[in-house]
Amino acid sequence: MLRRWGDREASSCDARVNPHCDRDGLPVDGRLRLLSFNIQVGISTERYRHYLTRGWQHLLPHPGRAVNLQRIGELLGEYDLVALQEVDGGSLRSGYVNQVEHLAQLADFPFWYQQLNRNLGRLAQHSNGLLSRLQPTLLEDHPLPGPPGRGAILLRFGHGRDALAVVMMHLALGARTRTRQLAYIRERVAGFRHLVLMGDMNTHANDLLEHSPLRDLGLLAPQVEATFPSWRPQRCLDHILLSPSLTLERVEVLSQPISDHLPVAVDIRLPDGLCADLPLALSPSPQGVPA
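As the structure is a prediction and not an experimental result, all values here were calculated from the model.

Calculation criteria
- Residues numbered from 1 in each chain as written.
- Predicted model: local features only at pLDDT ≥ 70, side-chain atom pairs only at ≥ 80, totals over all residues.
- Heavy atoms only, no water.
- Helix = DSSP H or I, 4+ residues; strand = E, 2+ residues; numbered from the N terminus.
- Buried < 20%, exposed > 50% of the residue type's maximum accessible area, 1.4 Å probe, protein only.
- Lys, Arg positive; Asp, Glu negative; His and termini not counted.
- Salt bridge = Lys/Arg side-chain N within 4 Å of Asp/Glu carboxyl O.
- Polar contact = N/O pair within 3.5 Å; in protein donor to acceptor, adjacent residues only side chain to side chain.
- Arc of directions from axis to C-beta.
- Contact = heavy atoms within 4.5 Å.
- Pairing = 2+ DSSP bridges.
- Right-handed = clockwise from strand over helix to strand, strands pointing away.
- Phe/Tyr/Trp six-rings, centres within 6.5 Å; stacked < 30°, edge-to-face > 60°.
- Lys NZ or Arg CZ within 6 Å of the ring centre and 35° of its normal.

**Q** Any details on the side chain of Asp-260? Residues and values, ideally.
**A** Its place among the elements puts Asp-260 in the loop between β14 (247–253) and β15 (264–269). For the buried Asp-260, which has no salt bridge, the nearest side chain bearing the opposite charge is Arg-235, at an N-O separation of 11 Å. Within the local environment of Asp-260, its side chain forms a polar contact with the side chain of Ser-259, the two groups lying 3.1 Å apart.

See below:
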């Protein structure tokens, strides 16, 4: 049963379709390439002082943003499923460009979804974003407990016992609120064997796996490298957590200091039962890696 938090209701939705993308493709080969990236609405931050000197870019447009989005789009094109945090849904500061839709077009993703978490009208459209080469069989938009502005996107691929659940999120800074948010997410994923949690979780893997409401799920944190700040990483805040039923093939924190966070990438091998239940995908094998 969907819940209400604050002034926005959780809801079942449909992914948006990119009409410029050819949806015909090869069957899934069992490999899924995942990426999570807090893009800071396309603002480049290279020093702590830039939070002050470039802070105006959170309110007003800047020509460098388009260049950064182009770089991000080139990066995203190598992946199958992408979770984006701190994306603008189309306001003054982004030149009225929906950055999720724009990145779907740049990276040639057939499916996308923008989760609007804080609507400031023409000033800002604070959002999370989803880009996918697979069409979800279920998509739910969940505002998270606590002060308005945080959300999670729940996806399901496939059906029944072998379905894959993916939750994309941007969690709160405060530990107490974050615990409430994780308890809510834990409730939503109960019963799934195959599970991926990904996003900017604003805390370390040890806290998530051992001291949070997720602790009984048996999840694995394949990467513990620091992701923040991007110019001198010291804290591991961005994660892709996996259930043990999913085989890890590769994990990497990408040295791409485009935002103030570094992106996290994970390749997984899906169980055979799930592969047989998935629709067609557009994911070619990475260059030099046989399918």
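**Q** So what's going on with helix α3 (residues 99–106)? Which residues, and what values?
**A** Of the residues making up α3, those classed as buried are Gln-99, Val-100, Leu-103 and Ala-104. Along the long axis of α3, the arc covered by the buried residues comes to 140°, so they all point the same way. On its buried face, α3 is in contact with α2 (63–76), β6 (81–88), β7 (111–119) and β8 (125–132). Of the residues that open α3, the one with a side-chain oxygen 3.0 Å from the backbone nitrogen of Val-100 is Asn-98. With its phi angle positive at about 60°, Asp-108 sits one or two positions after the end of α3.

**Q** I'd like to hear about unusual backbone geometry, residue by residue, with values.
**A** Put simply, Phe-228 and Pro-229 share a cis peptide bond, and its omega is -10°. In this structure, Pro-229 sits in the loop between α5 (205–210) and β13 (238–242). Phi is positive for Asp-108, which is not a glycine, with a value near 60°. Mapped onto the fold, Asp-108 is located in the loop between α3 and β7. Using a relative accessible area of 39% as the deciding quantity, one classes Asp-108 as partly exposed.

**Q** Give a detailed account of the pairing of strand β12 (residues 194–200), specifying residues and quantitative values.
**A** Among the 7 residues that make up β12, 7 are buried, leaving the element largely enclosed by the rest of the structure. Judged from the 7 bridges that link them, strand β11 (residues 164–170) and β12 form a sheet pairing that is parallel. Paired with Val-166 across the bridge in β12 is Val-196. Crossover β11 to β12 through helix α4 (residues 175–188) is right-handed. The pairing of β12 with β13 spans 5 bridges and is antiparallel.

**Q** Before we move on, can you summarise the packing of aromatic side chains with the specific residues and values?
**A** Tallying each qualifying case throughout the model produces 0 aromatic pairs. Sitting over the face of the ring of Tyr-79, Arg-33 holds its NZ or CZ atom 4.8 Å from the ring centroid. Lying over the aromatic face of Phe-109, Arg-133 brings its terminal NZ or CZ to 3.9 Å of the ring centre.

**Q** Describe the sheet that holds β7, with residues and values.
**A** The strand order across the open sheet formed by 7 strands is β4-β7-β8-β6-β5-β15-β14, and the pairing between neighbours is mixed. One side of each edge strand has no neighbouring strand; the edge strands of this open sheet are β4 (16–17) and β14. Judged from the 6 bridges that link them, strand β5 (residues 31–38) and β15 form a sheet pairing that is antiparallel. Across the sheet, residue Leu-32 finds its bridge partner in β15, namely Ile-268.

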